[in-house]
Amino acid sequence: MARRASRSKKFDPRSEEEIQESRGARLTYGGPWAVTLLGPLPVELGHLALTGNPTALALAALGLAGTGIAVCRLMSHIDAKAKRPKDQRLWHQANAGVVTGAVTLGTVVGVDTPATAAAWFLGGVGMAAANNLWSKFYKAGSEKSASRWEKLESEIGLAKHELKEANSNGKGTVIATVEAKDGATGDDLARRIPAMASALKLGKGRITHTVDDDDSSQVTLRVQVADLLKEGFPWRGPSAFGASIGDVPIRTGRYEDGEDVLLNLTGMLRDPGPLSNGNVEHCIAMGVNGAGKTQGNQLIITECGTRTEVSVIVIDCSKFQQDFGHVRHGIEWPIDKKDAARRFFKILPTAIEKRTDFLAAKGMSKWEPGCGLNFLVIIGEEAADFAADNEHYQKILRTARAAGIWILTSIQRATHNNMDTDSRANSPAGLCFGLRDGADSQYCLPDEAVEAGAWPQWGNRKPGYHYAAGLGIPEERWHVTARTELASKRDQADAVTAGAEIRTPLDTITADAFGDLYANRTTFDTPLLPKEEGETEQPQQASPAPAPTVTATTPAAEAAPAYAGPPEEEMDDVDEDTIAREVEELNEMLQNVLEEDPEPGEYDHLRIEDEIEPPADDAPVLSLGGDADDADKLTSEQGRQELYQRLDKWVREGKLSFAPREVTDILLRVGLADTKRWFYRERDRLIADGVISEDESDEGFGRYDLLRSPLSGGDGK
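Residues numbered from 1 in each chain as written. Predicted model: local features only at pLDDT ≥ 70, side-chain atom pairs only at ≥ 80, totals over all residues. Heavy atoms only, no water.

Pairing is antiparallel in the open sheet, where four strands are placed in the order 1-2-4-3. The open sheet has two edge strands with one neighbour each: strand 1 (161-168) and strand 3 (207-211). Here the strands of the sheet are splayed against their neighbours by 20° on average, with no regard to which way each runs. (Pairing = 2+ DSSP bridges. Helix = DSSP H or I, 4+ residues; strand = E, 2+ residues; numbered from the N terminus. Axes fitted to C-alpha atoms, helices over the stretch in contact; angles between N-to-C directions.)

Written as structure tokens, this is what we have:
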């Protein structure tokens, strides 16, 4: 039986995907040539069929042109749905337009003459070659870049977010507009930002987003692809030397896109520029040790020290001279002791009341430039030392802004055990420097900045890097990384020194409200700077301010600590026999002393039955206290005046606290049966008048702080 011969199928080693790609390539590269070579046949047949009927030929030409236009519109729609780039869309439109024109003209005039045939073939060859070149080289280049978003769509689930536009500012930042579709939200996109950063090989916090307030489907992505802050920026000097603090904002650094970091401290500026006007917003500056908070505060002090209508009060109970010694001569009131800070916050409400009364008398609801009061900038460095459980601090933050007072609380971590939650709530602005845990930024930055992607988890590895929110800064910049400018201490000191000629002295309303505490403050007329090579040593010390009514006297140089005896020595191993022998010798010495007459002297000849001679008239009398003589008795009013004069004397001498036992001599002279009750009545009156207050510190139990002289009003009240 003969075997039927069968034709064996040729084996193809390519995969199905490769086979499909090969077929697509043949169509892509062969299609233009097929149109060029085979297109004249149907066009010429149509021309021959319609050339004898002019009406039919005209209608056919119109039909072909309309069809070509419809094809162009269809291609445009397909390209838009496929999200093809603009130049590819234009190339498709050019191809459709050329084919439409060639077919229409060929049908009307024919391609049977040498001229029309040559035009067809020359144009066709040119277009076919151009299409082949486009398909070969444009596709190879675009696959590397244009499809990145398409890959993100498929890989991390961004199919419902359409990339509308992406632009680079040329400074390492790309701003992209994304539209959320089919019920998708900006929060959906935000949840995928970490995966997107990983896919684009970017660090955490480099991609942030904001949602349009009017259209929640419009999301703006901000992608920082390069760190332009790494090298830092040199300080450019004061931003507006000699201008009022209420004229223009102060400048402290630059954002990563090159824009300036501007702060509106007063809440109301004549020329706010890119910032907005509003109210004074107290601020928290937070960051780990070494993150750059102090350098930022130094720039703020320097800016204020070169402006008018502003006075700076700095509280630093840890290391004032080390942090601010180079700008200390530009600080109106330096406070470097905890007890002084405590008394300051007790007297500050009085200053707030006097300032608000002054503004209200002028019909003003807030501080304005030219109102007659200096704007007060209060910087609390290492604020955990005095803000943790200070109820006065909470009340001040609630009321100070209307009086033209801005308070900056500088702290490493603004948690509840370092800063009261009410105080934190009344500090809506934030300067967030590097943190150990980026989630801690919630204690400093508004929720909008954290939700947009602000993530300062770089610790102290990037000194000066920070986020700035509030203070008139547009919300879309709250999550943009910034860095303070690099300024040397000597440059800042020189700027503050030059600013002495233009700085406005503290107004008398505020100075009188602070009273004796302000009058007895320490001031400095020179900066504290390290000696440079070849520079002679110059004294750098506190000095009195010139005007006695509103400026300070200088306290004496700091006294050396009292001698506390020799240092304790640890006992080495001592022989017990030696100890026993020394104890025995000590007992013998004591016994010898006791056996001697303990009171030898001029009365050693007297016996018990003898009378003692009376003392001479000029002999000293030892007083053990008790009731005073009737001649020395004081009435209640006289005792009050005596007490007030004693307190006034202490204030003038610089004594700022006392214990009740220090006025016992006055109580003994008051001619009342219950002098203790009289003292407590006077104490309560002095506390109510703001003359004294209880010392709440652990070491100050039972003592009272002296806030001002009870006679400073001139009427004894």
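The discussion continues.
Of note, the phi angle at Glu309 is positive, near 60°, even though the residue is not glycine. Assignment of secondary structure puts Glu309 in the loop between helix 9 (293-305) and strand 8 (310-316). Judged by its relative accessible area of 15%, Glu309 falls in the buried class. The backbone of Glu382 shows a phi angle near 50°, a positive value even though the residue is not glycine. Within the element layout of this structure, Glu382 appears in the loop between strand 10 (375-381) and helix 12 (384-387). Classification of Glu382 by relative accessible area gives buried; the value is 16%. (Buried < 20%, exposed > 50% of the residue type's maximum accessible area, 1.4 Å probe, protein only.)

Attention shifts here to a nonpolar patch on the surface. Residues Trp33, Leu37, Leu38, Phe121 and Val125 make up a contiguous nonpolar surface patch of about 480 Å² in total accessible area. At the level of elements, helix 1 (16-38) and helix 5 (114-145) are the ones that each hand at least two residues to the nonpolar patch. By secondary structure assignment, the location of Leu37 is in helix 1. (Patch = residues over 30% accessible without salt bridge, like charges linked within 9 Å, V, L, I, M, F, W, Y side chains within 5 Å. Areas by Shrake-Rupley, 256 points an atom, 1.4 Å probe, with all protein chains shown as cover. Salt bridge = Lys/Arg side-chain N within 4 Å of Asp/Glu carboxyl O.)

Attention now goes to the packing of helix 20 (residues 636-653) against helix 22 (residues 675-688). At a minimum axis separation of 12 Å, helix 20 and helix 22 run at an interaxial angle of 55°. Classified by the angle their axes make, helix 20 and helix 22 are oblique. Every pair of crossing elements has a handedness; the one defined by helix 20 and helix 22 is right-handed. Contact with helix 20, carried on its side by Ser636, Gly639, Arg640, Leu643, Tyr644 and Leu647, involves Trp678, Glu682, Arg685 and Leu686 of helix 22 and no other residues of that element. The residue makeup of the contact of helix 20 with helix 22, split by class, is five nonpolar, two polar and three charged. (Parallel < 35°, antiparallel > 145°, perpendicular 65-115°, else oblique. Left-handed = near helix turned anticlockwise from the far one by under 90°. Contact = heavy atoms within 4.5 Å. Nonpolar A, V, L, I, M, F, W, Y, C, P; charged D, E, K, R; others polar.)

Let us now look at the sheet that holds strand 15 (residues 657-658). In space, the three strands of this open sheet follow the order 15-17-16, with antiparallel pairing throughout. The strands lining the two open edges of the sheet, one partner per strand, are strand 15 and strand 16 (692-694). In this sheet, strand 17 (residues 704-706) lies alongside strand 15 in antiparallel orientation, the contact comprising two bridges. Across the sheet, Phe658 pairs through a bridge with Tyr704, a residue of strand 17.

This brings us to helix 20. For helix 20, spanning 18 residues, the distance from its first C-alpha to its last is 26 Å, which sits close to the expected 26 Å at 1.5 Å a residue. Restricting attention to buried positions, one finds in helix 20 the residues Gly639, Arg640, Leu643, Tyr644, Arg646, Leu647, Asp648, Trp650 and Val651. On its buried side, helix 20 packs onto helix 18 (516-519), strand 15, helix 21 (664-669), helix 22 and strand 17. Gly654 occupies a position one or two residues after helix 20 and carries a positive phi of about 90°. (Expected span 1.5 Å × (residues − 1).)

In this section: empty space enclosed by the protein. For the coordinates displayed, the defined rule picks out one cavity of 30 Å³ or more. Around the largest cavity sit Thr252, Gly296, Ile300, Leu431, Phe433, His466 and Thr484, which together line it. Looking at the lining of the largest cavity residue by residue, the classes come out as three nonpolar, four polar and no charged. (1 Å grid on protein atoms, 1.4 Å probe; cavity = no way out; pocket = protein on both sides within 12 Å on 5 of 7 lines; lining within 4 Å. Points joined across faces, edges and corners; volume = space filled by probe spheres on them.)

Time to look at a negative patch on the surface. Together, Asp187, Asp212, Asp213, Asp214, Asp215, Asp447, Glu448, Glu451, Glu475 and Glu476 make up a negatively charged patch on the protein surface. With respect to the element layout, Glu476 can be found in the loop between strand 13 (465-469) and strand 14 (482-484). (Lys, Arg positive; Asp, Glu negative; His and termini not counted. Charge placed at Lys NZ, Arg CZ, Asp CG, Glu CD.)

Attention now goes to the packing of aromatic side chains. This structure, assessed with the given rule, holds 14 aromatic pairs. Geometrically, the ring pair formed by Phe344 and Phe345 is edge-to-face, given 5.3 Å between the ring centres and 65° between the ring planes. With relative accessibility at 1%, the residue Phe345 sits in the buried group. Among the aromatic side chains, those forming a connected cluster through ring pairs are Trp333, Phe344, Phe345, Tyr393, Phe514 and Tyr518. Positioned above the aromatic ring of Tyr255, the side-chain terminus of Arg477 is 4.3 Å from the ring centre. (Phe/Tyr/Trp six-rings, centres within 6.5 Å; stacked < 30°, edge-to-face > 60°. Lys NZ or Arg CZ within 6 Å of the ring centre and 35° of its normal.)

Geometry only, nothing functional implied.
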